[in-house]
Amino acid sequence: MIQKVLVISDRRESCTEVVSTIERDLPYQVTANLDPTEIEAQLESKVFHLVIIDHVDVNDATMGLVNWLKHTHYSFPILILTNKIKPSFTNRLNLISDTHTLIRPVLGKNITGLVRKLLVAKRVPKQVYRRFNTNQIAEVEALESGDSLLTSMYNLSKGGAYCEFDGGAALTVGDLIRLKVMLNDTNSEYTFNAKVIWTTQEGRFSGRFGVGFRFVSQKDTYRSLLSKG
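First things first, this report covers the structure right here in the doc. These figures come from a predicted structure and were not determined experimentally.

Thresholds applied
- Residues numbered from 1 in each chain as written.
- Predicted model: local features only at pLDDT ≥ 70, side-chain atom pairs only at ≥ 80, totals over all residues.
- Heavy atoms only, no water.
- Salt bridge = Lys/Arg side-chain N within 4 Å of Asp/Glu carboxyl O.
- Helix = DSSP H or I, 4+ residues; strand = E, 2+ residues; numbered from the N terminus.
- Buried < 20%, exposed > 50% of the residue type's maximum accessible area, 1.4 Å probe, protein only.
- Phe/Tyr/Trp six-rings, centres within 6.5 Å; stacked < 30°, edge-to-face > 60°.

1. As for the pattern of salt bridges
With the rule as written, the count across this model stands at 6 salt bridges. One salt bridge connects Asp54 with Arg11, and the closest N-O pair in it is separated by 3.1 Å. With Asp54 in strand β3 (residues 50–57) and Arg11 in the loop between β1 (4–9) and α1 (12–25), this residue pair connects regions lying 43 residues apart in the sequence. Given the relative accessible area of 0%, Asp54 is considered buried. The salt bridge involving Arg104 is made with Asp54; its shortest N-O contact spans 3.0 Å. In this pair, Arg104 sits in the loop between β5 (99–103) and α5 (108–120) while Asp54 sits in strand β3, placing the two residues 50 residues apart along the sequence. Three or more residues joined by partner-sharing salt bridges are found here, namely Asp10, Arg11, Asp54 and Arg104.

So, in structure tokens, the structure goes:
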């Protein structure tokens, strides 16, 4: 079966270049999209194995598209090609599984090399931190209010964690929390200071309120609390 790639772009010239690069060097069928209103129809018409988002810069619209793709029933990896990306968006993308980023300028062989890996290996580890899928109960304590909530933790890495909560948890981007988790494999409890990096009303694992956390040092936690005071 020929593997199929969908390229979603906000620039015709760049889209043409990406499509030509892949078709020239790889035996995959590539479909181009320059109209956001047609994305859903294209996804329903074919079985795609990879989606490439080619945007000038990563912005809220890009993140909205990524989150929408991840919350649908599709299971393909996503590759983002962009000219620039803010650190805050990088952190958010690092929390989303099977999503990869290449920042221009990049050579054509870099693009085709990663495309090949994603389609052959199916899963390629992120370049920042390896993430481990989990499904266990953890406790989240809001450092400013002292409120404590139980949560289901579905992802854990050296850099952060992803959790989903019952109801609309009173957590917003920028909040500082303390995460306590008992790791079943080692039967040990660990405590992390973390900051809320992004939230979603419908988490991709259980459909509940989802929160992406980035771990921070005790020193940074203290500074942030002082600045908010």
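Next comes the rest of the write-up.
2. Quick word on the packing of aromatic side chains
A complete count under the given rule lists 3 aromatic pairs for this structure. The interplanar angle of 20° and the centroid separation of 6.5 Å between the aromatic rings of Tyr190 and Phe192 together place this pair among those described as stacked. On the basis of relative accessible area, Tyr190 is assigned to the partly exposed category, the value being 34%. Look at Phe192 and you get partly exposed, because its relative accessible area is 23%.

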